[in-house]
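Coordinates in review
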Amino acid sequence: ALQLALDEMPSLVGEFEKPQFFHYNPAICAHGRSGMTACTRCLDACPTDAIASLGNPIEVDPGLCQGAGSCAAACPTGAISYGYPRLRDSLDRLRTLLQAYRDHGGSNPVLLFHDAEAGRDVVSDVVAGLPENILPVELEELGSAGMDSWLSALAYGATAVVLLGTPGAPPSVVREIRSQLQVAHALLEGAGHAAGVLSYTDLQNSYLIDYINNIPGIQQKQPAAFAGLDEKRTVIRLALEHLFSVAETPTRPLVTLPAGAPFGEVLLDKSRCTLCMACVSQCPASALSAGDDSPQLGFIEANCVQCGLCCRTCPEDAIAISPRYLYDFAVRNSRRVLYEEEPFACIVCGKPFATRGVIENITKKMQAHAMFQGAALERIKMCEDCR
């Protein structure tokens, strides 16, 4: 029998099949362009080192990935997303849960997000003492739900959302959750709500019950009803628009966000910009754009993910980013001109072929060069045909 087993073993060759928890769209990834690295949020958040940089795109090793989902929650563009459940399914589940609770006479629902392992055990230990308005929401991993899910839950009618951490949670996942909480708290306060309606705790037993009983809540007459989508930035916008509209306290038109937030504006030093458009070609989210018929740099704030690729690409160091959030979607989504110049015309034929800033900058840099002395310097001011 032993000999037969040894003879059979070499033929037992197959493939190991493992679920793939993620989807990746390199076209909108903000990790890098032209060899320049910018966003590393997913690499920093992954607890199993399953994500590696390939220069411009990233690579996810499905053999190492354990489905923590913190990479998808951290991604500012949605380039990497959770495979199952999809975001739209998770949002529809939350909306249905809260609607059913209200339809059966429930009030002041508080959602308690926890994972399916250690978090489930913590909830099981205290379930008998939990108030009836505490609705546990089990996730495969706590890190798989991010700011889009938390804010949508509040918009759908939850008075508060509590994230239940456990002592064994990977440090990178907890770090990413806390980082997103900072941004979400600033967004909630700017919209006129207490930051405490969204919180993280790793308390257990009776301490957890006491903690939940003392958190503030949002009271709203009409919860949001938008459908679940697989576009995280749109989901966050819809949730914030609703929360902004139901706030009782005076609200602000914009709020400054912590460093690293995925929303904000681009600041341009016009005295340094030459409108070379290097930033436009590198922007992964189409936040920056060139003019159609004239040298012009435009910006749409709703698209900006604050990756910083424009800053790293600009040869004149004329660009900086500033995290903030405008609550008026029409203003945030409108294209505004950051800088424009008159085109520079060829000194021989008069054809416009560059911006005045580019020509002046090149002329200044080359006037001391041996090959551009005297009349030769004028070649810089000619178009390619006349030159």
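Overview of the structure. These figures come from a predicted structure and were not determined experimentally.

Helix and strand counts for the protein chain stand at 13 helices and 18 strands. Over its C-alpha atoms the protein chain spans a radius of gyration of 27 Å, topping by over 25% the 21 Å that the globule rule assigns to 387 residues. Taken over the C-alpha atoms alone, the protein chain extends approximately 90 × 80 × 30 Å along its principal axes. For the protein chain, long-range pairs separated by at least 24 residues make up 72% of all intrachain contacts whose partners lie at least 6 apart in sequence. Accessible surface, the protein chain as shown: approximately 19,200 Å² in total, 53% of it carbon and sulfur.

Across a sheet, strands are paired by hydrogen bonds formed along the backbone, either parallel or antiparallel in direction. If you walk across this open sheet you meet the four strands as β8-β7-β9-β10, and the pairing is parallel. In this open sheet, the two strands that pair with only one neighbour each are β8 (134–139) and β10 (198–201). Across this sheet, the average inter-strand angle for adjacent strands is 25 degrees, counted without regard to direction. Note: strand β9 (residues 160–164) against β10, four bridges, orientation parallel. Each residue of the ladder has a partner; that of Val-161, found in β10, is Leu-198. In this fold helix α5 (residues 118–126) packs onto β7 (110–115), β8 and β9, with an angle of close to 135 degrees to the strand it touches most, β7. Where helix α6 (residues 147–155) meets the sheet, its contacts fall on β7, β9 and β10, and the angle it forms with β9 comes to roughly 145 degrees.

With that out of the way, let us pick up the pattern of salt bridges. The final tally for this structure, using the stated rule, is 13 salt bridges. In this structure, Arg-88 engages Asp-230 in a salt bridge whose closest nitrogen and oxygen atoms are separated by 2.9 Å. Taken as a pair, Arg-88 in helix α4 (residues 87–103) and Asp-230 in the loop between α8 (205–213) and α9 (232–246) lie far apart in primary sequence, 142 residues in all. Under the relative-accessibility criterion, Arg-88 is labelled partly exposed at 34%. By sharing partners, the salt bridges in this structure join Glu-265, Glu-301, Arg-324 and Arg-336 into a single network.

Another point: the pairing of β8. As judged from the six bridges shared by β7 and β8, these two strands associate in the parallel manner. If you follow Leu-111 over to β8, its bridge partner there is Leu-135. Crossover β7 to β8 through α5 is right-handed.

Once that is clear, we can look at unusual backbone geometry. With an omega of -5 degrees, the peptide bond between Tyr-84 and Pro-85 qualifies as cis. With respect to the helices, strands and loops of the structure, Pro-85 is situated in the loop between β6 (80–82) and α4. Although it is not a glycine, Leu-275 sits at a positive phi angle of roughly 55 degrees. At Asp-317, a residue that is not glycine, the phi angle is positive and equals roughly 50 degrees. The topology assignment puts Asp-317 in the loop between α11 (309–313) and β15 (319–326). A relative accessible area of 56% means that Asp-317 is categorised as exposed.

Cut-off values and rules
- Residues numbered from 1 in each chain as written.
- Predicted model: local features only at pLDDT ≥ 70, side-chain atom pairs only at ≥ 80, totals over all residues.
- Heavy atoms only, no water.
- Helix = DSSP H or I, 4+ residues; strand = E, 2+ residues; numbered from the N terminus.
- Rg over C-alpha atoms; globule rule 2.2 N^0.38 Å.
- Contact = heavy atoms within 4.5 Å.
- Areas by Shrake-Rupley, 256 points an atom, 1.4 Å probe, with all protein chains shown as cover.
- Pairing = 2+ DSSP bridges.
- Axes fitted to C-alpha atoms, helices over the stretch in contact; angles between N-to-C directions.
- Salt bridge = Lys/Arg side-chain N within 4 Å of Asp/Glu carboxyl O.
- Buried < 20%, exposed > 50% of the residue type's maximum accessible area, 1.4 Å probe, protein only.
- Right-handed = clockwise from strand over helix to strand, strands pointing away.

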